[in-house]
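Architecture and fold: a report
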Amino acid sequence: MCDDPLLPDSVARALSDYRSLRDAHGPCWGEPPISYVDQAWATVFLDSRHDYWGTALSQLAERYPDVPPEELEDHMGEVDLDRLLRDALGGDVPDNLPALRLTPEGATLAAETRVVLDDGPFRTALLLDSNVDEPVEVVVDGTAYVVPPRGAKVVELVREVTVGGRPVDLSPLARRAAAATIRVRAGFPCRWSVTSANGQGWYPEGAPPKLDAHRRPFFHGDDLLIAVPAEPITVTVTRGMEYTSAEVVVTPDAGRETLVELTPERLYDAAARGWYGGDLHVHLNWMGEEPAAPALAAAAQHGEDLHVLNLVAGNVASERVYDVETLEHWVGEDLPWSDERHLARIGVEYRNDLVGHFSAFGLRGLPKRYHTGFLDTVDWPPNAAALEELRALGAITGYGHPFHTPFDDDDPPDVVLSRGRNCSAREIVADAALCLIDTLDVLNHSSIAATAAVYRRLIGAGNRLTVTAGTDAVLSFCRRGTASGPPGWERVYANVAGPLTAESFAEAILLGRTFATTGPWLELTVNGHGPGDTVELAPGQRVEIVVASIGPEVEQLEIRTAQGVLAQGPPGRLTTSMVVSEPTYVVAVASGGPHPRAFHRRGAYAHTSPVYLDVAGEHVAREADVRWCLAWLDRLETVVREFGTFETEHQLRDHLELYERARAVYQGRLA
């Protein structure tokens, strides 16, 4: 039996299985090659500068010249991934993918030289990139690979490469350096980044070589030893969004240990104000380069000072549900590293690629189902059935990474309700009307602006949904943009009454006492009332609105009502007043451009849940928003009929009846 409280036997066996899958199949762990599985493999080598989707669609347009552009995504599973990767890189050479350029004149190695501290073999992936009109045979570590005419192939390299019987000079891959040791210490767990002059990261023994969305190396802990070259080294420390960062450059002596003591300063202290920040959508394992044990989640949560961590069990594209053993062992319990300021739970990401994915926090028992619609299985029952089951088990539920298409406040629903199966939260308009869903992750890794626009339509139509945040960080990924970043790079802050528990945090969310953020602190009051409150007014009554922010990344504050933008101003403090003649809501938004503290590609962003303004006992149900929701349901029915997989008419009818029940609710609000 295992004596490690963070690694029960069942979890240890699952972790061993994941390592075997990784060793046999690479970072996709043998999952069926649907579009986002393929993308996961490619984005281990790509970053935000590289256009994966545009390159893929160009390749498909070349292969299918008669297919309309809007239908090319239906063929995403057919792309030549090696060539797509080569073309998306556009000649760039990542540090983890040197390129062997094959031309009629011979072979040339292009590489970003890495520093190594020992004399052992240097293992790396290698891109074979052909500019030759005939097939070319390349022998790598004794295995022959045939590269198609003007094609590409990615292989693993350890020792040697020959082309046409001639060895390739591999000296550009690495240079040797004398070894030194540094000890990093802050006095409490932090996030550290240790880099040499070429940007190469250095890590404690056993720590996965993770990069964040800015391609910065990082690891978590305190009082740690790191082997480094005896050369100038930059050490940076921070501790999540409530702290600034501190940095120093040191040159350690070869063969000796150098102590680096560095402490980040607080920017704000949310818990001292009664607010606790959580990330409601984090995976331990979901493909990736390094399968992750619970101890890695513990180190990350404390190193980020993330108050609430919701790890979720979920499938990728097959029947396998990753971390279900962790769920079975700890369901309904705080995970062992929880304390009075840090709460960790294991929940579920329920997944259907046609109508959306949602997460569950605070489960007291195990659900009967975890997903529908994969491997050509039916898209049945609707998500509503799983929402009812999970809520009966004590969970609060929220749709994650909701929308991926650019969308503005005035756009019709068909702009965001695109074709095919793309994981968008399509069913939410029905689920919200029927009070089956609690929250929406307005802060997510995909389109925040589109999600915020949909959210405001939903609450304007009379639905009461809380703003939340879920990063979809995956601890088993090391180099995949925001997915490999630290959990809590976006957070939902909830105003908790009393001590932090799963129940008190869930209650604060259900009451709507939240804001979600990439980093800025954001406050909103209306006549002294905060998010989640309802202010009862008489027609013509005036209200005073105050918004305040903290954070160097904020460039603009905004106050919005159901009618649109009410006021805008610079960061710090924004005040206004208005006369209220009809029911509405008030939300605050903070925004800014790209910033080192913001991991999202759009930059800094924060959004509050609403303060609701009822007038003469009436709730907000703006006609334009209600009709927008009705149009959404019409378009959703078309999408489900065209792209859904059903074995019987009854299965489709369950979806359509759900939408009809929601229509009745919205039509009642028009009355």
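Now for a look at the structure at hand. (Residues numbered from 1 in each chain as written. Predicted model: local features only at pLDDT ≥ 70, side-chain atom pairs only at ≥ 80, totals over all residues. Heavy atoms only, no water.)

1. Overview of helix α13 (residues 649-670)
Between its terminal C-alpha atoms α13 stretches 31 Å, which fits the 32 Å expected from 22 residues at 1.5 Å a residue. Those residues of α13 that fall on the buried side of the exposure criterion are Q651, L652, D654, H655, L656, L658, Y659, A662, R663 and Y666. Buried residues along α13 sit in contact with α7 (383-392), α9 (428-433), α10 (448-460) and α12 (623-643). (Helix = DSSP H or I, 4+ residues; strand = E, 2+ residues; numbered from the N terminus. Expected span 1.5 Å × (residues − 1). Buried < 20%, exposed > 50% of the residue type's maximum accessible area, 1.4 Å probe, protein only. Contact = heavy atoms within 4.5 Å.)

2. Here's the deal with unusual backbone geometry
At the junction of W380 and P381, the peptide bond is cis and its omega measures out at 0° in the coordinates. On the secondary structure map, P381 appears in the loop between β23 (356-361) and α7. In this structure, L375 takes a positive phi of about 55° despite not being glycine. As for its placement among the helices and strands, L375 is situated in the loop between β23 and α7. A relative accessible area of 48% means that L375 is categorised as partly exposed.

3. As for the packing of helix α2 (residues 35-42) against helix α4 (residues 81-89)
Following both chains from N to C, one finds α2 and α4 inclined at 55°, their axes separated by 10 Å at the closest point. The pairing of α2 with α4 is recorded here as oblique in orientation. Both α2 and α4 take part in a crossing whose hand is right-handed. Facing D38, W41 and A42 of α2, the residues of α4 in contact are L81, D82 and L85. Taken together, the residues that form the contact of α2 with α4 break down as 4 nonpolar, no polar and 2 charged. (Axes fitted to C-alpha atoms, helices over the stretch in contact; angles between N-to-C directions. Parallel < 35°, antiparallel > 145°, perpendicular 65-115°, else oblique. Left-handed = near helix turned anticlockwise from the far one by under 90°. Nonpolar A, V, L, I, M, F, W, Y, C, P; charged D, E, K, R; others polar.)

4. A closer look at the sheet that holds strand β32 (residues 541-550)
Here we have 3 strands laid out as an open sheet, ordered β30-β32-β35, and antiparallel in their pairing. Each edge of the open sheet is held by one strand with a lone partner, namely β30 (521-526) and β35 (573-580). Across this sheet, the average inter-strand angle for adjacent strands is 15°, counted without regard to direction. When β30 meets β32, the two strands line up antiparallel, connected through 6 bridges. Bridge pairing links W521 to I550 in β32. (Pairing = 2+ DSSP bridges.)

5. What to know about the pairing of strand β14 (residues 217-221)
Here β14 lies mainly inside the structure; 5 of its 5 residues are buried. On β14, burial covers both faces: P217, F219 and G221 on one face and F218 and H220 on the other are all buried. Relative to β14, strand β12 (residues 190-196) is paired through 3 bridges, and the arrangement is antiparallel. Bridge assignment links R191 to a residue of β14, and that residue is H220. Relative to β14, strand β13 (residues 210-211) runs antiparallel, the two being bridged by 2 bridges. The partner of K210 across the bridge, within β14, is F218. Where β13 hands over to β14, the hairpin turn is made up of 5 residues, of which R215 adopts a positive phi near 65°.

6. Observations concerning the packing of aromatic side chains
One pass over the structure, following the stated rule, counts 22 aromatic pairs. Summarising the aromatic geometry, the rings of W275 and F515 are spaced 5.5 Å apart at their centres and angled 50° between planes, so their arrangement reads as tilted. In this pair, W275 is assigned in strand β19 (residues 275-283) and F515 in strand β29 (residues 514-517), connecting sequence segments 240 residues apart. When sorted by exposure, W275 lands in the same class as F515, which is buried. Relative to Y399, the ring of F358 lies with its centre 5.8 Å away and its plane at 70°, an arrangement referred to as edge-to-face. Within this pair, whereas F358 is found in strand β23, its partner Y399 is found in strand β24 (residues 396-399), the two being separated by 41 residues in sequence. (Phe/Tyr/Trp six-rings, centres within 6.5 Å; stacked < 30°, edge-to-face > 60°.)

7. Some details on the pattern of salt bridges
For the coordinates displayed, the defined rule picks out 47 salt bridges. Because the salt bridges share partners, they merge into one network encompassing E62, R83, R86, D87, R101 and D129. (Salt bridge = Lys/Arg side-chain N within 4 Å of Asp/Glu carboxyl O.)

8. Points about the sheet that holds strand β6 (residues 143-147)
With respect to topology, 4 strands assemble into an open sheet ordered β6-β5-β8-β9, the strand pairing being antiparallel. With one partner strand each, in any of the chains shown, β6 and β9 (166-167) form the two edges of the open sheet. As paired elements, strand β8 (residues 161-163) and β9 share 2 bridges and run antiparallel to each other. By the bridge assignment, T162 is partnered in β9 with P167.

9. Description of the side chain of H655
For H655, the position within the fold is in helix α13. Given the relative accessible area of 1%, H655 is considered buried.

10. Observations concerning the pairing of β19
Along any regular strand, the residues point their side chains to alternate faces of the sheet. Of all the 9 residues making up β19, 9 are buried; the element is thus mostly covered by neighbouring parts of the structure. As judged from the 3 bridges shared by β19 and strand β20 (residues 308-315), these two strands associate in the parallel manner. Following the sheet pairing, G278 is matched in β20 by V308. Between the parallel pair β19 and β20, the chain is carried across by helix α5 (residues 294-303), and the sense of this crossover is right-handed. Relative to strand β27 (residues 473-474), β19 runs parallel, the two being bridged by 2 bridges. (Right-handed = clockwise from strand over helix to strand, strands pointing away.)

11. Brief notes about the side chain of N444
Structurally, N444 can be placed in the loop between β25 (439-443) and α10. Engagement of the side chain of N444 in a polar contact is seen with the backbone oxygen of V442, the distance being 3.0 Å. Excluding residues that lie within four positions of it along the chain, N444 makes contacts with H401, P402, T451, G470, W489, E490 and H600. (Polar contact = N/O pair within 3.5 Å; in protein donor to acceptor, adjacent residues only side chain to side chain.)

12. What to know about the environment of V454
By the secondary structure assignment, V454 is in helix α10. Residue V454 is classed as buried on the basis of its relative accessible area, which comes to 0%. A C-alpha to C-alpha distance of 9.8 Å links V454 and D625, two positions 171 residues apart in sequence. In this structure V454 touches F403, F407, W628 and W632, once residues within four positions along its chain are discounted.

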